[in-house]
Amino acid sequence: MLDLGFVRENLELVRQALRNRGLAEGLEDFEEIDRERRKFLVEAEGRKARRNKVSDEIANLKKQKQDATSLIAEMKELGKEIQELDEKAKGFDAQLRDLLANIPNIPHASVPVGRGAQDNQEVRRWGEPRKFDFEPKAHWDLGPALGILDFDRAAKIAGARFAVYRGVGAKLERALANFMLDVHVREHGYTEVLPPFLVNSASLYGTGNLPKFAGDLFKLEGTDYWLIPTAEVPVTNLLRDEVLEAEELPVKYCAWTACFRSEAGSYGKETRGIIRQHQFQKVELVKFTLPETSYDELEALTRDAETILQQLGLPYRVVVLSTGDMGFASAKTYDLEVWLPSSGEYKEISSCSNFEAFQARRANLRFRRGGKGKTEHLHTLNGSGLAIGRTWLALIENYQQADGSVLIPEALRPYLDGLERIVRPPEAPKR
RNA sequence: GGAGGGAUGGGUGAGCGGUUGAAACCGGCGGUCUUGAAAACCGCUGUGGGGGAAACUCCACCGGGGGUUCGAAUCCCCCUCCCUCCGCCA
């Protein structure tokens, strides 16, 4: 959420930011609502001041055993007026807050202005896509053939956009999670947390998923529980309504969780394989930082995520998202895109963003300098480090061999009991 | 699921329906004292929203939302969370 005073004083700038994001206006009524709200506020508060004053007079009269009936009668009238004015002011206030809650963050000056993904800019590349002397297969062919991935039974027990991992496939998923967590904890200094996979709506509001994107989420019927779409939600909200000391910053958490997304509106897109699922696992990095260091911290966080791809030997590139492709709450986002031989293109595997104070204002995340003075909103950042399902498939595809087996990169072998290769059985296992 | 007890400022913790935005203590800041520091003493020390060029001033906020009242941190109702006990349970 943007600061009300800021929007009021920089309306044109905010409008331009919306246009840069490719959004049709959303602020047409801002000035009028703001003006009406203040009008009723001033009227109500003036009457309240009078009421407070007279209430004291009544108290004094009563203390002196004098009659106060005429004043009380007057206040009864005034009370009704106040109630009416309050209701009107409250109505405009709600409209204003609703408006504000639906305005996305302002992109950082370094973000390229563009209409969508086609305007994202490549920042750097790492690794060389491997040259195959055979036709590389897609993971949705490799996986079932190796007996490590089962889509049919997943459809039976749950539906479309689910997968069952089997045998080494299941273990590989688990190994990747452990590997990623270990790297971030040991080498990058993050504190591991394991949060609830269900959160309340206040948490989703804090990160900016609500009120606007309820349709992307799964909600438990008849409750205020929602399945988390990413660990960002519970972990960012961990420190909600708290005041930190400046010296504690940055606070760095990493978390492995399952993630759940309704994927409404993505019908027909990436329906094959495990690229886009209702449920997947992810290791997430979350940082709480000082405002003045948040962009340095974004660079560092992005590098932290890149480390995983490098240690696994997976070629990738880093792109900075254009204004038209950025998420609602983000001020700047780098995507990590891993090379997929089956499609011959780079595919998103991590998204690293600086939200500046956008989430901090919504979630009331503050800090204080030197234990004194005014509290300020801190900055929040997060990034996938990495999406495990997509790492799994990138690994299978990039390390596939002509005979259908898959080599395991060195760094991962300790997590798989030293396994060097996933071998294709003569026949796919029945059960 | 049932019964009871709680939720107050950065922290601990008082608070008869009417100078309580809120005692006291701790912490923090400033000062006195001191060569310096500590101790002691004195003062200051919440957030948000309006009005005002400013000085300043007004309003709201005691878990959240309603209500009673001229007036609510204090009374009533609903909800959330925490604690204790019972039941159930991975």
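Residues numbered from 1 in each chain as written. Chains lettered and ligands numbered in written order. Predicted model: local features only at pLDDT ≥ 70, side-chain atom pairs only at ≥ 80, totals over all residues. Heavy atoms only, no water.

Caption draft 1: Examining the protein's contact with RNA strand B more closely. Taken together, the neighbourhood of RNA strand B is formed by 22 residues, with R8, R38, N52, M75 and K90 sitting nearest. Within the contact set of RNA strand B, a phosphate oxygen lies 2.4 Å away from a side-chain nitrogen or oxygen of R8. For RNA strand B, a phosphate oxygen lies 3.1 Å from a polar atom in the side chain of R38. At the level of elements, α1 (4-9), α3 (30-63) and α4 (69-101) are the ones that each hand at least two residues to the surface near RNA strand B. Of all the elements, α3 adds the most residues to the surface near RNA strand B, at 13 residues. (Near = heavy atom within 4 Å. Polar contact = N/O pair within 3.5 Å; in protein donor to acceptor, adjacent residues only side chain to side chain. Helix = DSSP H or I, 4+ residues; strand = E, 2+ residues; numbered from the N terminus.)

Caption draft 2: Broad picture of the packing of aromatic side chains. All told, the structure shown has 10 aromatic pairs when counted by the stated rule. Ring plane angle 20 degrees and centroid distance 5.7 Å describe the contact between W126 and Y316, whose orientation is recorded as stacked. Of this pair, W126 sits in strand β1 (residues 121-126) while Y316 is found in strand β10 (residues 316-320), placing the two residues 190 residues apart along the sequence. On the basis of relative accessible area, W126 is assigned to the partly exposed category, the value being 31%. Each ring, one from F132 and one from F134, has its centre 5.4 Å from the other, and the planes form 90 degrees; the classification is edge-to-face. For F134, a relative accessible area of 21% puts it in the partly exposed group. Put simply, the rings of F213, F328 and F358 touch in pairs and so form one group of aromatic residues. Above the face of the Y190 ring, K252 is positioned so that its terminal group lies 4.8 Å from the ring centre. The cationic tip of R362 hangs over the ring face of Y205; the distance from NZ or CZ to the ring centre is 4.4 Å. (Phe/Tyr/Trp six-rings, centres within 6.5 Å; stacked < 30°, edge-to-face > 60°. Buried < 20%, exposed > 50% of the residue type's maximum accessible area, 1.4 Å probe, protein only. Lys NZ or Arg CZ within 6 Å of the ring centre and 35° of its normal.)

Caption draft 3: Geometry of the sheet that holds β10. Overall, mixed pairing links the 8 strands, which are arranged β1-β10-β11-β12-β15-β9-β8-β4 in an open sheet. The strands lining the two open edges of the sheet, one partner per strand, are β1 and β4 (191-193). Strand-to-strand twist across the sheet, computed as the mean angle between neighbouring axes with direction ignored, equals 25 degrees. Note that strand β9 (residues 279-289) and strand β15 (residues 379-387) share 7 bridges and pair antiparallel. The residue bridging T289 from the neighbouring strand is H379, located in β15. Relative to β15, helix α10 (residues 294-312) is tilted by about 10 degrees, and along the sheet it contacts β1, β9, β10, β11 (332-340), β12 (345-356) and β15. (Pairing = 2+ DSSP bridges. Axes fitted to C-alpha atoms, helices over the stretch in contact; angles between N-to-C directions. Contact = heavy atoms within 4.5 Å.)

Caption draft 4: Representation of the pattern of salt bridges. Per the counting criterion, the structure on display carries 24 salt bridges. Between D150 and R153 there is a salt bridge whose closest N-O contact spans 3.0 Å. For R153, a relative accessible area of 35% translates into the label partly exposed. Measuring nitrogen to oxygen at the nearest pair gives 3.5 Å for the salt bridge that ties D182 to R186. Note that D182 and R186 are positioned in helix α7 (residues 168-186) at a spacing of 4 residues, about one turn of the helix. (Salt bridge = Lys/Arg side-chain N within 4 Å of Asp/Glu carboxyl O.)

Caption draft 5: Summary view of the environment of M326. If you trace the backbone, M326 turns up in the loop between β10 and β11. Once the C-alpha coordinates of M326 and V111 are considered, the two residues, 215 residues apart in sequence, prove to be 9.5 Å apart. Excluding anything up to four places from it in sequence, M326 contacts R21, P107, V111, L321, A331, K332 and T333.

Caption draft 6: Region of the structure containing the packing of α7 against helix α12 (residues 388-398). Interhelical geometry of α7 versus α12 gives an angle of 115 degrees and a closest axis separation of 10 Å. α7 and α12 meet at a crossing whose hand is right-handed. When α7 is examined against α12, the residues G169, L172, E173, L176, A177 and M180 are found in contact with a partner set consisting of I388, G389, T391, W392, L395 and I396. Along the lines of polarity and charge, the residues of the contact of α7 with α12 split into 8 nonpolar, 3 polar and 1 charged. (Left-handed = near helix turned anticlockwise from the far one by under 90°. Nonpolar A, V, L, I, M, F, W, Y, C, P; charged D, E, K, R; others polar.)

Caption draft 7: Just the nonpolar core, in detail. Residues L172, W392 and L412 are the most contacted members of the largest nonpolar core, which totals 48 residues. Ranked by the residues each element gives to this core, the list is headed by α7, at 8 residues. (Core = buried A, V, L, I, M, F, W, Y, C linked by side-chain atoms within 4.5 Å.)

Caption draft 8: A look at α10. With 19 residues, α10 extends 28 Å from end C-alpha to end C-alpha; this agrees with the ideal 27 Å at 1.5 Å per step. Residues of α10 that are buried include every one of S294, E297, L298, L301, T302, D304, A305, E306, T307, I308, L309 and L312, and no others. (Expected span 1.5 Å × (residues − 1).)

Caption draft 9: The arrangement of the side chain of E397 in detail. By the element assignment, E397 lies in helix α12. Buried within the structure, E397 lacks any salt-bridge partner; R130 is the closest side chain of opposite charge, at an N-O distance of 10 Å. Separated by 2.8 Å, the side chain of E397 and the backbone nitrogen of H139 make a polar contact. Residue contacts for E397: discarding those within four places in its chain leaves F132, K137, A138, H139, L142, L340, P341 and S342. (Lys, Arg positive; Asp, Glu negative; His and termini not counted.)

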